[in-house]
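A structural walkthrough
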Amino acid sequence: MVANKEDGTNPESHIWRIAPTRRDALGFLGWGGVLTGIGLGTLAFVRMLYPRVLFEPPSIFKLGKPNEYAPGAVSDKWIKAYRFWLVRFPDRFIAISAICTHLGCTPRYLGSEDKFKCPCHGSGYRGFSAGWVEIARNFEGPAPRPMERFKLALAEDGQIQVDKGLVFRVDKKEEGKPGAFLPFA
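In this numbering scheme, every chain counts its residues from 1 along its sequence in written order. With the structure being a predicted model, the display of local features is reserved for residues of pLDDT at least 70 and the display and counting of side-chain atom pairs for 80 or more, all residues being used for whole-chain, interface and lining totals. Calculation of side-chain values draws on the structure's entire complement of heavy atoms; hydrogens and water are dropped beforehand.

Take the state of the cysteines next. Note on terminology: disulfide denotes any pair of cysteine sulfur atoms within 2.5 Å. Scanning the entire structure with this criterion turns up one disulfide. Disulfide partner of C105: C120, at an S-S distance of 2.1 Å. On the S-S bond that ties C105 to C120, the torsion sits near -105 degrees, and the link is left-handed. Within this pair, whereas C105 is found in the loop between β4 (92-97) and β5 (108-110), its partner C120 is found in the loop between β6 (115-117) and β7 (124-126), the two being separated by 15 residues in sequence. Judged by its relative accessible area of 17%, C105 is buried. C100 takes part in no disulfide bond, and the closest cysteine sulfur to it belongs to C118, at a distance of 3.8 Å. A relative accessible area of 3% places C100 in the buried class. Relative accessibility decides the category of a residue: with a 1.4 Å probe and only protein chains considered, values under 20% of the type maximum give buried, values over 50% give exposed, and everything between is partly exposed. Residue C118 is classed as buried on the basis of its relative accessible area of 3%. For helices the rule is a DSSP run of H or I covering at least 4 residues; for strands it is a run of E covering at least 2, with both sets numbered from the N terminus onward.

Below, the structure is given as structure tokens:
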């Protein structure tokens, strides 16, 4: 008996054969790859339409009244929260960044040696006795420049206000600019 083309008994005439060939499998994988690529491209395009927002803590904050800080001292009260020292000289306040200019580690203030010392690579910065101009200037180790200072102002309610968004660099002779220190008598 010969298979008739019209009666459906010829296996070659069916759309889906009983066993798919290698060509069928490769075609299926190829179309799957194309559709997956289109889907991922569409998802990437839709994701691009929505902005990525980085939520950071505010750069301006208050530290309390000036009388709360002892004169002639380096206060490390704000190291963990904001990474800076508040230094009170007899006539002014200075906010020094606690970020080493070598690789960004957090130095420590060693009161017994009167210097700021970075524990990572040994950079040393001058301490309180060097005076308000020379404090936090590098003198040993691999640090390429002095530590930065933050803007200080007196808020309307009488508290010290720090702005970490505005930085003053001692190596660029900015230590005397308005805001680099807070005068206090």
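From this point on, the discussion continues.
Positionally, I94 belongs in strand β4. Overall, I94 belongs to the buried group, its relative accessible area being 0%. Sequence separation between I94 and W132 is 38 residues; the distance between their C-alpha atoms is 7.7 Å. Contact definition: two residues touch when any of their heavy atoms are within 4.5 Å. In contact with I94, not counting residues within four places along its chain, are W85, L86, V87, F89, W132, I135, R149, L152, A180 and F181.

Attention now moves to the sheet that holds β6. Taken in spatial order, the four strands line up as β5-β6-β7-β8 in an open sheet, and their pairing is antiparallel. The sheet is open, and its two edges are formed by β5 and β8 (138-140), each paired on a single side. For this sheet the average axis-to-axis angle between neighbouring strands, irrespective of direction, equals 35 degrees. For two strands to be treated as a pair, DSSP must find no fewer than two bridges joining them. Geometry is summarised by axes, namely lines fitted to C-alpha atoms with helices restricted to the contacting stretch, and by angles between N-to-C directions that run from 0 to 180 degrees.

Let us now look at the pattern of salt bridges. Two side chains with opposite charge may pair up if their charged atoms get near one another. The term salt bridge refers to a side-chain nitrogen of Lys or Arg lying within 4 Å of a carboxyl oxygen of Asp or Glu. For the structure shown, the criterion picks out nine salt bridges. The salt bridge involving R145 is made with E148; its shortest N-O contact spans 3.2 Å. For R145, a relative accessible area of 22% puts it in the partly exposed group.

A positive phi angle, close to 60 degrees, is found at R83, a residue other than glycine. Considering the arrangement of structural elements, one finds R83 in the loop between α2 (79-82) and β3 (84-88). For R83, a relative accessible area of 27% corresponds to the partly exposed category. One non-glycine residue, A136, lies in positive phi territory at about 70 degrees.

Before going further, it helps to examine a nonpolar patch on the surface. Surface patches are drawn from residues lacking salt bridges whose relative accessible area is over 30%; two like charges belong together within 9 Å, two nonpolar side chains (Val, Leu, Ile, Met, Phe, Trp, Tyr) within 5 Å. Note that accessible areas follow from Shrake-Rupley with a 1.4 Å probe, and for residues the cover is restricted to the protein chains shown. Residues F45, V46, M48, L49 and Y50 make up a contiguous nonpolar surface patch of roughly 570 Å² in combined accessible area. For V46, a relative accessible area of 38% puts it in the partly exposed group.

This next bit is on the side chain of R92. Structurally, R92 can be placed in strand β4. Relative accessible area serves as the criterion here: at 12%, R92 is assigned to the buried category. Under this definition, polar contacts are N or O atom pairs within 3.5 Å; protein pairs additionally need one hydrogen-donor-capable and one acceptor-capable atom, and for neighbouring residues in sequence, both atoms have to be side-chain atoms. Of the polar contacts made by the side chain of R92, one reaches the side chain of D91; its length is 3.2 Å. Look past the residues within four positions of R92 in its chain and what remains in contact with it is V87, W132, F181, L182, P183 and F184.

W85, V87, I96, F116, I135 and M147 are the most contacted members of the largest nonpolar core, which totals 21 residues. Looking at this core, the elements with two or more residues in it are β3 and β4. When residues no more than four places from it in sequence are discounted, the contact partners of M147 are W85, I96, S97, I99, T101, P107, F116, Y125, A136 and V170. Note on terminology: a nonpolar core comprises buried Ala, Val, Leu, Ile, Met, Phe, Trp, Tyr and Cys residues joined through side-chain atoms within 4.5 Å. By size, the runner-up hydrophobic cluster in this structure holds 13 residues, among which are L63, Y69, F150 and L152.

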